[in-house]
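# Reading the structure
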Amino acid sequence: SQTIHQWPATLVQPVGSPLSLECTVEGTSNPNLYWYRQAAGRGLQLLFYSVGIGQISSEVPQNLSASRPQDRQFILSSKKLLLSDSGFYLCAWSVLAGGPGELFFGEGSRLTVL
Amino acid sequence: KNQVEQSPQSLIILEGKNCTLQCNYTVSPFSNLRWYKQDTGRGPVSLTIMTFSENTKSNGRYTATLDADTKQSSLHITASQLSDSASYICVVSAINNNDMRFGAGTRLTVKP
């Protein structure tokens, strides 16, 4: 069966510090991978998605970047965090077979920037 | 512009009661609509998926409906339980692209 792991679960970082959130998927090959951010009381905002190794699409201009060094590994990074980067970050995967497929989400990472 | 609007924003009901959550969308061309349940501090989990030709689909005490003409969907929860307390998110996908639009969710609280 497929599983998705995301860490760390919670993170408190000072403004200006770097960030690295990691996500790995097991039990599937060549998944589509996504990073979402969820602000309180608002819908999920797609930050990045990837259809393959080294292929990253950015949905919104921001202080964050993403990388996919391996087929089932997706990393969200920042060189210098801003207060506005605080939020709940979710990694997800799907298999694109003829259309948008079901998203399978990780457990999320709560980031607080102070 | 492709949008997904959910109502109500929040809802409080007593254990054992029924409730209905609404989702209106303007996503086009329509591919499918999914309802997700998100427990506090966790990732969302899919409950149901509705395609263009489906009007009703059930998953245990959850029943989703879809009216593709009016672009409306509802999620009906029967005989609510305390464990139903969560956010319910409507996600609508368009055909032939990787575009999934998320509603802001309805926060349901079931009280004893």
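This part takes up the overall build of chain A. Per the secondary structure count, chain A includes zero helices and eleven strands. From first element to last, N terminus to C terminus, chain A shows the α and β order β-β-β-β-β-β-β-β-β-β-β. Its C-alpha atoms give chain A a radius of gyration of 14 Å, within 12% of the compact-globule value 13 Å for 114 residues. For chain A, the C-alpha atoms occupy an extent of roughly 40 × 30 × 25 Å along the three principal directions. Taking all 114 residues of chain A together, 47% fall into the buried category. Of the contacts formed within chain A by residues at least 6 apart in sequence, a portion of 54% connects residues at least 24 apart. Surface accessibility of chain A: about 5400 Å² in total, with carbon and sulfur atoms responsible for 53%. Computed over 7 positive and 7 negative side-chain charges, the separation of the two mean positions in chain A equals 10 Å.

A few words now on the interface of chain A and chain B. Across the boundary between the two partners, chain A contributes 19 residues, which contact 20 residues of chain B. Summed over both partners, the interface of chain A with chain B comes to about 1600 Å²; 53% of that surface belongs to carbon and sulfur atoms. Scanning the region where chain A abuts chain B turns up two salt bridges. Residue E102(A) pairs with R34(B) through a salt bridge whose shortest N-O separation is 3.9 Å. The tally of links from chain A across to chain B stands at three residue pairs in polar contact (both at pLDDT 80 or more). Looking at the side of chain A that touches chain B, the elements that each hand over two or more residues are strand 4 (32-38), strand 5 (44-52) and strand 9 (87-94) of chain A.

Moving on: the packing of aromatic side chains. Counted under the stated rule, the structure contains nine aromatic pairs over all chains. Measuring from ring centre to ring centre gives 5.8 Å for F105(A) and Y36(B), while their planes differ by 90°; the resulting arrangement is edge-to-face. In this pair, F105(A) is assigned in strand 10 (residues 104-105) and Y36(B) in strand 4 (residues 30-38), connecting two distinct chains. Since its relative accessible area comes to 9%, F105(A) is described here as buried. For the pair Y25(B) and F30(B), a centre-to-centre distance of 5.1 Å together with 25° between the ring planes defines the contact as stacked. Judged by relative accessible area, which is 4%, Y25(B) ranks as buried. Here the aromatic cluster, defined as three or more aromatic residues joined through ring pairs, consists of Y34(A), Y36(A), Y49(A), F105(A), Y36(B) and F102(B).

Reading the values: rules and limits
Residues numbered from 1 in each chain as written. Chains lettered and ligands numbered in written order. Predicted model: local features only at pLDDT ≥ 70, side-chain atom pairs only at ≥ 80, totals over all residues. Heavy atoms only, no water. Helix = DSSP H or I, 4+ residues; strand = E, 2+ residues; numbered from the N terminus. Rg over C-alpha atoms; globule rule 2.2 N^0.38 Å. Buried < 20%, exposed > 50% of the residue type's maximum accessible area, 1.4 Å probe, protein only. Contact = heavy atoms within 4.5 Å. Areas by Shrake-Rupley, 256 points an atom, 1.4 Å probe, with all protein chains shown as cover. Lys, Arg positive; Asp, Glu negative; His and termini not counted. Charge placed at Lys NZ, Arg CZ, Asp CG, Glu CD. Buried area = accessible area lost by both parts, 1.4 Å probe. Salt bridge = Lys/Arg side-chain N within 4 Å of Asp/Glu carboxyl O. Polar contact = N/O pair within 3.5 Å; in protein donor to acceptor, adjacent residues only side chain to side chain. Phe/Tyr/Trp six-rings, centres within 6.5 Å; stacked < 30°, edge-to-face > 60°.

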